[in-house]
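Structure assessment
Here is what each chain is made of, one letter per residue.
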Amino acid sequence: MSEHHLRRLVIMRHSKADWPGGVADHERPLEERGHREAPLAGKWLLKHNIVPDFILCSSALRTRQTCTWVCSELGDKAPTPKLEDGLYAASALRMLAVVNHVPDTVTTLMLISHLPGVQDLAMHLASRDSDHDAYMDAATRYPTSALTVLETEKSWAELDGQDARITRFKVPRAH
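What you see is a predicted model; the values in this text were computed from it and never measured. (Residues numbered from 1 in each chain as written. Predicted model: local features only at pLDDT ≥ 70, side-chain atom pairs only at ≥ 80, totals over all residues. Heavy atoms only, no water.)

Considering the overall build of the chain
Each helix and strand in the chain was counted, giving five helices and six strands. Its helices and strands taken in sequence order, the chain reads β-α-β-α-β-α-β-α-α-β-β from the N to the C terminus. Against the 2.2 N^0.38 benchmark of 16 Å for 175 residues, the chain shows a C-alpha radius of gyration of 15 Å, consistent with a compact globule. The principal-axis extent of the C-alpha atoms belonging to the chain is close to 50 × 30 × 30 Å. Looking at the chain as a whole, 50% of its 175 residues are labelled buried. For the chain, the computed accessible surface area is about 8300 Å², with 50% contributed by carbon and sulfur atoms. (Helix = DSSP H or I, 4+ residues; strand = E, 2+ residues; numbered from the N terminus. Rg over C-alpha atoms; globule rule 2.2 N^0.38 Å. Buried < 20%, exposed > 50% of the residue type's maximum accessible area, 1.4 Å probe, protein only. Areas by Shrake-Rupley, 256 points an atom, 1.4 Å probe, with all protein chains shown as cover.)

Some words on the nonpolar core
If you look at the biggest cluster of nonpolar residues, it comprises 30 residues, and the most contacted ones within it are Ile 11, Leu 109, Leu 111, Leu 121, Leu 125, Tyr 142 and Trp 156. With five residues, the top contributor of residues to this core is helix 3 (residues 92-99). Those residues within four positions of Leu 109 in sequence are excluded, and the remaining contacts are Arg 8, Leu 9, Val 10, Asp 53, Phe 54, Leu 56, Val 99, Val 102 and Trp 156. Of all hydrophobic cores here, the second largest spans 16 residues; its members include Ala 41, Leu 45, Cys 57 and Leu 147. (Core = buried A, V, L, I, M, F, W, Y, C linked by side-chain atoms within 4.5 Å. Contact = heavy atoms within 4.5 Å.)

Next up, the structure:
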């Protein structure tokens with residue numbers, strides 16, 4: 001298939017969140033480190049020319065804040081994110097069901113959600129021809145702000161399992 005049929009999926013775990021007392025899990029905000037690191041993810045995406053044309057974001061506060069920082073770095077290239085209640089505390093298969101409904105006009109999709117779903121989804125989709133180091137990094141640890149980039153020639157509706165190649169795994173960190 002030609003290059004323009006390639007689709008990219010960027011799976012991101014939200015940035016570092018706080019645990020304030022008396023706050024429901026869904027409403028937990030980013031902590032200071034999260035506010036520093038979330039923009040770095042957007043900068044990394046721009047630097048590597050991986051600009052999403054569609055973003056699915058869990059409706060939790062910490063994922064919404066992460067998404068806002070990423071989009072602020074993408075600037076006028078940022079799409080309007082779609083908040084998705086179904087991504088909060090979702091399993092990999094629940095997340096995949098959401099991805100399967102993305103329109104085929106989308107070529108680069110970003111999904112911002114939570115552990116363990118984000119890591120499980122990346123591992124579920126990873127094909128045997130994935131980049132070995134990126135695959136091993138994503139499989140063994142999935143810290144806050146981590147990004148996995150996968151490529152596939154399948155449509156979003158056809159994505160099922162072991163049919164997307166992990167090309168990169170990145171953990172943006174503030175120094």
